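Breakdown of the fold
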Amino acid sequence: MNGPQDVGGRHGFGPVVPEDESLRFHADWEKRVLGVTLACGALGHWSLDTSRHARESLHPAIYYNASYYGIWFRALVALLERAGEVTDDELAEGRAHRPGRAAHRCLAPEAVQGALARGGPSDREGPAPAFAVGERVRTRNHQPAGHTRLPSYARRATGVIEAVHGAHVFPDTNAHGRGEAPCPLYTVRFEATELYGADADPTLTVSIDAWEPYLDRA
Amino acid sequence: MNGPQDVGGRHGFGPVVPEDESLRFHADWEKRVLGVTLACGALGHWSLDTSRHARESLHPAIYYNASYYGIWFRALVALLERAGEVTDDELAEGRAHRPGRAAHRCLAPEAVQGALARGGPSDREGPAPAFAVGERVRTRNHQPAGHTRLPSYARRATGVIEAVHGAHVFPDTNAHGRGEAPCPLYTVRFEATELYGADADPTLTVSIDAWEPYLDRA
Amino acid sequence: MHDHHDHDHDNELDDMTARVRALETVLTEKGLVDPAAVDAIIDTYEHRVGPRNGAAVVARAWADPAFADWLRRDATAAIASMGFTGRQGEHMVAVFNTPEEHNLVVCTLCSCYPWPVLGLPPAWYKAPDYRARAVREPRAVLAGFGVTLPETTRIRVWDSTAEIRYLVVPERPAGTEGMDEAALAALVTRDSMIGAGLPRAPEAA
Amino acid sequence: MHDHHDHDHDNELDDMTARVRALETVLTEKGLVDPAAVDAIIDTYEHRVGPRNGAAVVARAWADPAFADWLRRDATAAIASMGFTGRQGEHMVAVFNTPEEHNLVVCTLCSCYPWPVLGLPPAWYKAPDYRARAVREPRAVLAGFGVTLPETTRIRVWDSTAEIRYLVVPERPAGTEGMDEAALAALVTRDSMIGAGLPRAPEAA
């Protein structure tokens, strides 16, 4: 979606503010949002793609005013409500009215290390790639209302296949519960002048990781 | 600029809320912003294009949270400060520290009707048009960091010249005090499927008004 | 538990009242703004210049084919002949709805709008929600206004990216034969001249 | 008189503390979340998994050409050999700076970041400001970090749009001959492994 998350190459944002690498959180509530969000992932109600879509579906007025953990929190509430696990009334009162539906999947403290160390690989068996390293491809004018990982700055642009990563879960379907539909994933590299026009930095190239349905042979 | 103003075709916004046509303002301060903004235009410090650029230069976090008169107000303050007419201190105190620089141009009450009825035409003597009605053109990948009136949804798209309007002031230069540089203005019509891809409404066409430097022959 | 950006609009009110007053005071003390001129500007758009101007233009186009033809060929001159000129209406184009094609006007980049014939734009016209969606899913937008067009009707959206200002001339409703211009004008809503609505039917007027 | 969106971030704090507490309480009462598991997750990323992991990887690549070669060919396996695996690092790619080309990593669409080697991303990495500008004007972004590259250096930006995670291997600083891996790792900053910084010079370490 051409949502608020799709900021690559946009103008009008502000300065980047470096911070010391010893700083881990800016407030205690951020820690809890991190922990609760990851713990709720174990409930099995949604995929990573679905949770990304919940975040980018926040209204731009909210998205651009929230810190990133603020975005995570609001998206988590939306996902839990959609899953039937919490209601506005419960959150307003800070008190559960009904037991959880997926309580049998509650992440146990002793399972945390294993779950984090295991992660969730996205590579799958899937079709052979249509493109090879070095081939020129053109990104499609692909701009669905739903989730996609083709950023708008890289649409309708010609680039070169730089790596072939095998088949990976396709976010455009998986985010909406329409299946993992694995398809070949590539790294595609573009000249900045191709992306932004003749005034762009001539020393700059940018790559995206793009699934085959985003691409045509150039 | 790919700023917060450039919302055409973006996803994630909310419902459109109709309102009765008898409603003119939502608060008294909106009336004052309207009146003061128009009155300040008479001071001669900026053009309409410059004022539009001041509005779109607000940070997205502010732009999307303000009402439109709130955007006008913030941009007006920025323009007056840049013109050396007001300072933050004066606004914080609500009291002038120095007389105005362009007070000799202050819009008099008796001049209001004439000024509003006269308006400010943007047509000028200028070069003959390169394109004729019915010709196919393609919009350039034109995305300057400064002001432009080519919206991003209509970049790199092929359309048809539907009207030729003569030469008009070119906003891309005029907004930045680089001259009116009049050039031919056209209405260019696109199929929605050309703008948004194959899934777009097949019964929809959209036109923009585009200056010649935005266009190439298709 | 939910937040929504509208609560910022609400909080904005008191803050904005104070900030705007401070600015106007400073500008007045500096001799840059005369409050009486501000009052005159407000009075113009609050009480004098509004969508009844456009409704009179549309009604005349319905009643007088020669005027309609003039409006089609040179809207700026035809509209000026009725006394409607000036700021944000310097270069007018009239676009006519037909059974085959419906016109809708938007300004995706700011809030361009034909002030001499329609007055100040409504809040929704200036909001990102309308501006984002009008050029992409106009049927969904029109549904929000209670308008459902046949699936076969073409929709033509005009994005006002320059200083040309567009006035939609809706189709004359059935059952209005013999009505005079004043009665016809009463059927013409502001929204119908943006393309976001349709004129009233005569029995509902 | 000026406003800035940061004041909303500030106002957010107290409100967010209460809202997050309410959510965690409700989820705990429902048996959906165990606060001890939440504590364990926080402890992991606050105290155990962080950029010192990545620094150890980089230092080994500097010290051991065979490891560097492995890292180049199969970063996931090479990094796993040092015990760094899991969430947000399932598919690793290492990109090597050279005198001719500087690498910079971003996730324009959200906040994808190689957690097993770098821990949690800094706030700026997740902010729209960095995400918008990194892919377009990286030299201006780097200047904000005090990094000025020669005008002839090519800049290669990696937008992490899929589940591949990128680790920048900066160039080994001059004057580090004979230093052991631990000493080398101390030169490797988090920002240098994103490409937003350079390693420390040995005299500054």
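Numbering of residues begins from 1 in every chain and follows the order in which that chain's sequence is written. All chains are assigned letters beginning at A, and all ligands numbers beginning at 1, according to the order in which they are written. The predicted nature of this model means local features are confined to residues of pLDDT at least 70 and side-chain atom pairs, given and counted, to a pLDDT of 80 or more, with totals for whole chains, interfaces and linings taken over all residues. As a rule here, side-chain values cover all heavy atoms of the structure and leave hydrogens and water aside.

1. Points about the overall build of chain A
As a reminder, the rule being used: Helix numbering and strand numbering both begin at the N terminus, where a helix is a DSSP run of H or I of at least 4 residues and a strand a DSSP run of E of at least 2. Each residue is placed in one exposure class: buried if its accessible area under a 1.4 Å probe, protein chains only, is under 20% of its type's maximum, exposed if it is over 50%, and partly exposed if it falls in between. Exposure was quantified through the Shrake-Rupley algorithm and a 1.4 Å probe, taking into account, for residues, occlusion by the shown protein chains and nothing else. Charge assignment in this entry is limited to Lys and Arg as positive and Asp and Glu as negative, and neither His nor the chain termini are counted. Note that the charge is assigned to NZ on lysines, CZ on arginines, CG on aspartates and CD on glutamates.
Along its length, chain A carries eight helices and five strands. In sequence order, chain A lays out its α and β elements as α-α-α-α-α-α-β-β-α-β-α-β-β. Over its C-alpha atoms, taken along the principal directions, chain A stretches across nearly 55 × 45 × 35 Å. The 218 residues of chain A split such that 59% are buried. Looking at chain A as shown, the accessible area adds up to about 8,300 Å², and 51% of this sits on carbon and sulfur atoms. Side-chain charges in chain A split into 23 positive and 28 negative, and the spacing between the mean points of these groups amounts to 4 Å.

2. Quick notes on the overall build of chain C
The condition that has to hold: Residue contacts follow a heavy-atom distance rule, with two residues in contact if any of their heavy atoms lie within 4.5 Å.
Per the secondary structure count, chain C includes eleven helices and four strands. Here the C-alpha coordinates of chain C stretch approximately 55 × 50 × 35 Å along the principal axes. Put simply, chain C has 205 residues, and 60% of those count as buried. Within chain C, residue pairs in contact and separated by at least 24 positions form 68% of the contacts whose partners lie at least 6 positions apart. Counting only carbon and sulfur atoms, one obtains 52% of the accessible surface of chain C, whose full area is about 7,500 Å².

3. Quick look at the sheet that holds strand β2 (residues 101-106) of chain D
Under the convention used in this document: Note: two strands are recorded as paired if DSSP finds a minimum of 2 bridges between them. Between the N-to-C directions of two axes lies an angle of 0 to 180 degrees, each axis being a line fitted to C-alpha atoms and, for a helix, fitted only over the stretch in contact.
Ordered in space as β5(A)-β1(A)-β2(A)-β3(A)-β4(A)-β3(D)-β2(D), the seven strands form an open sheet in which the pairing is mixed. Edge positions in the sheet fall to β5 (215-217) of chain A together with β2 of chain D, since each has one partner strand and no second. For this sheet, the mean inter-axis angle between neighbouring strands, taken without regard to orientation, is 35 degrees.

4. Regarding the nonpolar core
Selection criterion: Definition of nonpolar core: a set of buried residues of the types Ala, Val, Leu, Ile, Met, Phe, Trp, Tyr and Cys, connected through side-chain atoms within 4.5 Å.
One finds Leu34(A), Leu34(B), Leu71(C), Tyr130(C), Leu71(D) and Tyr130(D) to be the most contacted residues of the largest nonpolar core, which totals 262 residues. If sequence neighbours within four positions are ignored, Leu71(D) has contacts with Val57(D), Ala61(D), Ala78(D), Ile79(D), Ala94(D), Phe96(D) and Val169(D).

5. Re the domain arrangement of chain A
Residue and element names in this part refer to chain A. Heads up, the rule is: Start and end points for every domain follow an automatic or database-based domain assignment. By definition, the buried area sums, over both parts, the 1.4 Å-probe accessible area that each loses when the two are put together. The term salt bridge refers to a pairing of a side-chain nitrogen on Lys or Arg with a carboxyl oxygen on Asp or Glu at a separation within 4 Å.
Under the domain assignment, chain A is made up of domain 1 (28-118) and domain 2 (136-217). The C-alpha centroid of domain 2 is placed 29 Å from the C-alpha centroid of domain 1. In this complex, domain 1 contributes six residues to the contact, which on the side of domain 2 involves ten residues. Contact between domain 1 and domain 2 buries roughly 560 Å² in total, counting both sides, with carbon and sulfur atoms accounting for 47%. For the pair domain 1 and domain 2, the number of links is zero salt bridges.

6. Describing the interface of chain B and chain A
Operational definition: Definition of a polar contact: a pair of N or O atoms within 3.5 Å, with one able to donate and the other able to accept a hydrogen when the atoms are protein atoms, and with sequence-neighbouring residues admitted only if both atoms are side-chain atoms. Charged residues are taken to be Asp, Glu, Lys and Arg, nonpolar residues to be Ala, Val, Leu, Ile, Met, Phe, Trp, Tyr, Cys and Pro, and polar residues to be all remaining types, Gly included.
With 29 residues of chain B in contact, the opposing surface of chain A contributes 29 residues. Interface of chain B and chain A: buried area, both sides summed, is about 2,300 Å²; carbon and sulfur atoms make up 43% of it. Considering only the side of chain B, the residues that lose the most area to chain A are Arg10(B), His11(B) and Arg156(B), jointly responsible for 30% of the buried surface there. Put simply, chain B and chain A have four salt bridges between them. Where chain B touches chain A, the interface holds 21 residue pairs in polar contact (both at pLDDT 80 or more). Only α3 (60-63) and α8 (192-196) of chain B provide two or more residues apiece to the side of chain B that touches chain A. For the side of chain B that touches chain A, the per-class residue count stands at ten nonpolar, 13 polar and six charged.

7. Examining the sheet that holds strand β2 (residues 158-168) of chain B
Strand order in the open sheet formed by seven strands is β5(B)-β1(B)-β2(B)-β3(B)-β4(B)-β3(C)-β2(C), with mixed pairing between adjacent strands. The open sheet has two free edges, formed respectively by β5 (215-217) of chain B together with β2 (101-106) of chain C, since each of these has just one partner strand. For this sheet, the mean inter-axis angle between neighbouring strands, taken without regard to orientation, is 35 degrees. Where β2(C) and strand β3 (residues 154-159) of chain C come together, six bridges link them in parallel fashion. In the strand pairing of β3(C), His102(C) is matched with Ile155(C).

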